[in-house]
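# Descriptive analysis of the structure
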Amino acid sequence: ILGFWTKGFLLYLILRKLLPENRGLAALAGVLLIIFPADNGIFIQQATLHHIGLSLMLLAAYLFLIFRERRNGLLFALVVVCQWASISIYEAGLPLMLVFPLLVVWLERRLNRRTVLLAAGWLVVPILWAAIIVSFLITPTTGNSYVRNLAQTDSGGGETISLMLSSLVKVYRDHFL
């Protein structure tokens with residue numbers, strides 16, 4: 001339940017930064033996130049890490065919006081830590097992290113050097129994380145053993161998954177390395 005409150009409050013804070021003239025809308029969105037979860041499955045204990053990962057991503061976004069105004073190095077360090085922890089816990093948030101810089105462009109109302117640098121600063125962690133994962137998967141010693149281990153632990157469709165992942169690794173190696 002604390003995860004719902006945290007995410008709702010952080011969403012409220014983010015929307016207050018994005019839409020300062022619509023505090024009511026920000027409050028409504030935050031409250032709706034708290035009281036109207038999308039599925040009963042998110043109440044199970046296994047979903048706790050998802051709540052933590054999403055809360056950390058929202059915290060990173062809020063801290064980044066503050067950093068945009070104050071330019072404090074400590075704030076940026078906290079953004080990086082929250083981003084890295086969030087994406088390490090819940091990698092499904094990666095697409096959202098990649099889209100977030102569009103909000104910075106929207107807030108700045110123009111695309112200039114400052115906006116590009118802010119967006120690039122935000123994108124460092126998600127791109128670095130994705131590069132590390134891709135590197136892990138395509139490295140012969142780790143990637144191939146990862147594919148084999150995945151195939152051995154998956155019952156029923158292991159050969160299919162192994163073949164698919166091996167094919168993806170081969171295509172990547174042949175065309176991008």
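Our subject is the structure that appears above.
Now for a quick tour of the structure.

Cut-off values and rules
- Residues numbered from 1 in each chain as written.
- Predicted model: local features only at pLDDT ≥ 70, side-chain atom pairs only at ≥ 80, totals over all residues.
- Heavy atoms only, no water.
- Helix = DSSP H or I, 4+ residues; strand = E, 2+ residues; numbered from the N terminus.
- Contact = heavy atoms within 4.5 Å.
- Salt bridge = Lys/Arg side-chain N within 4 Å of Asp/Glu carboxyl O.
- Core = buried A, V, L, I, M, F, W, Y, C linked by side-chain atoms within 4.5 Å.
- Buried < 20%, exposed > 50% of the residue type's maximum accessible area, 1.4 Å probe, protein only.

## Topic: the environment of Trp129
Its location among the elements puts Trp129 in helix H7 (residues 113-138). Separated by 35 residues in sequence, Trp129 and Leu94 have C-alpha atoms that sit 9.2 Å apart. Filtering out sequence-adjacent residues up to four positions away, Trp129 remains in contact with Trp84, Ile87, Ser88, Glu91 and Leu94.

## Concerning the pattern of salt bridges
Under the defined criterion, the tally for this structure stands at 1 salt bridge. Of the charged contacts in the structure, one is a salt bridge between Lys17 and Glu69, with a shortest N-O distance of 3.0 Å. Pair noted here: Lys17 is in helix H1 (residues 2-18) and Glu69 is in helix H3 (residues 48-70), with a separation of 52 residues, a long-range link.

## As for the nonpolar core
Within the largest apolar cluster, 31 residues are counted, with the highest numbers of intra-cluster contacts made by Ile14, Leu18, Phe64, Leu65, Phe100 and Trp122. Counting only elements with at least two residues in this core, the list comes to H1, H3, helix H4 (73-89), helix H5 (94-99), helix H6 (101-108) and H7. Counting residues per element, this core draws most heavily on H3, which supplies 11 residues. Not counting chain neighbours up to four residues away, the residues in contact with Leu65 comprise Ile14, Lys17, Leu18, Phe100 and Leu107.

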